[in-house]
Amino acid sequence: MTRVKKDDVREHRIDMEVVVDAYDEQERAMGWYNYLEDKLAFPFQARCIGEKRSSPLQQGEVVAVTGMAPEEDCEHDMLVDVQWQGRRLAVPLAQLEGVAVDEAMQEAIGDWHYWVARGYQF
């Protein structure tokens, strides 16, 4: 993803709702995990917006997102479980956009995309 301009409103929300009181990488990862788990209503449909070597999804492919991947799988990236070709896989949330999701879910997914696009790390 390309770098995006700083968004003060989004930065404030991330600081106050996601990584507030997080002092190390593990706490920031868990802050993101809990924020996304609270904001996303599973299951939902999502479209692949970018291919990654670590994921079999192709751009434009639509999948059912069934939940967050286990916490231990999200220590370095936010992964979600999807149904794909009859199997359950964990793929990076950064490669997905919600399809017909509500505003709160769009905002939460957008917050994660913003974090990644800005080059922030846990």
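Use the structure listed above.
Residues numbered from 1 in each chain as written. Predicted model: local features only at pLDDT ≥ 70, side-chain atom pairs only at ≥ 80, totals over all residues. Heavy atoms only, no water.

Undergrad: Account for the pairing of strand β2 (residues 62–68), with residues named and values stated.
TA: Sheet topology note: the strand β1 (residues 44–48)/β2 ladder contains four bridges and is antiparallel. Of the residues in β2, the one forming a bridge with Phe44 is Val65. Bridge count between β2 and strand β3 (residues 79–84): four bridges; the pairing is antiparallel. Bridging across to β3, Val65 finds its partner in Val82. (Pairing = 2+ DSSP bridges. Helix = DSSP H or I, 4+ residues; strand = E, 2+ residues; numbered from the N terminus.)

Undergrad: Let's hear about the environment of Val101: which residues, and what values?
TA: Along the polypeptide, Val101 turns up in the loop between β5 (96–99) and α3 (103–117). Put simply, Val101 and Gln45 are 56 residues apart on the chain and 7.9 Å apart in space, counted from C-alpha to C-alpha. Other than its neighbours up to four places away in sequence, Val101 contacts Phe44, Gln45 and Gln106. (Contact = heavy atoms within 4.5 Å.)

Undergrad: Any details on helix α2 (residues 25–39)? Residues and values, ideally.
TA: A rise of 1.5 Å per residue sets the reference length of α2, with its 15 residues, at 21 Å; its end C-alpha atoms lie 21 Å apart and thus fit the reference within 8%. Among the residues of α2, Arg28, Ala29, Met30, Gly31, Trp32, Tyr33, Tyr35 and Leu36 are the ones counted as buried. On its buried face, α2 is in contact with α1 (8–18), β2 and α3. The residue sitting at the N-terminus of α2 and contributing the capping side-chain oxygen is Asp24; that oxygen lies 3.2 Å from the backbone nitrogen of Gln26. (Expected span 1.5 Å × (residues − 1). Buried < 20%, exposed > 50% of the residue type's maximum accessible area, 1.4 Å probe, protein only. Polar contact = N/O pair within 3.5 Å; in protein donor to acceptor, adjacent residues only side chain to side chain.)

Undergrad: How would you summarise the packing of aromatic side chains if you had to cite specific residues and measurements?
TA: If you walk through the whole model with that rule in mind, you get six aromatic pairs. Measuring from ring centre to ring centre gives 5.2 Å for Trp115 and Tyr120, while their planes differ by 65 degrees; the resulting arrangement is edge-to-face. Classification of Trp115 as buried rests on a relative accessible area of 8%. On the basis of relative accessibility, which here comes to 29%, the residue Tyr120 falls in the partly exposed class. Among the aromatic residues, ring-to-ring pairing joins Trp32, Tyr35, Trp112, Trp115, Tyr120 and Phe122 into one connected group. (Phe/Tyr/Trp six-rings, centres within 6.5 Å; stacked < 30°, edge-to-face > 60°.)

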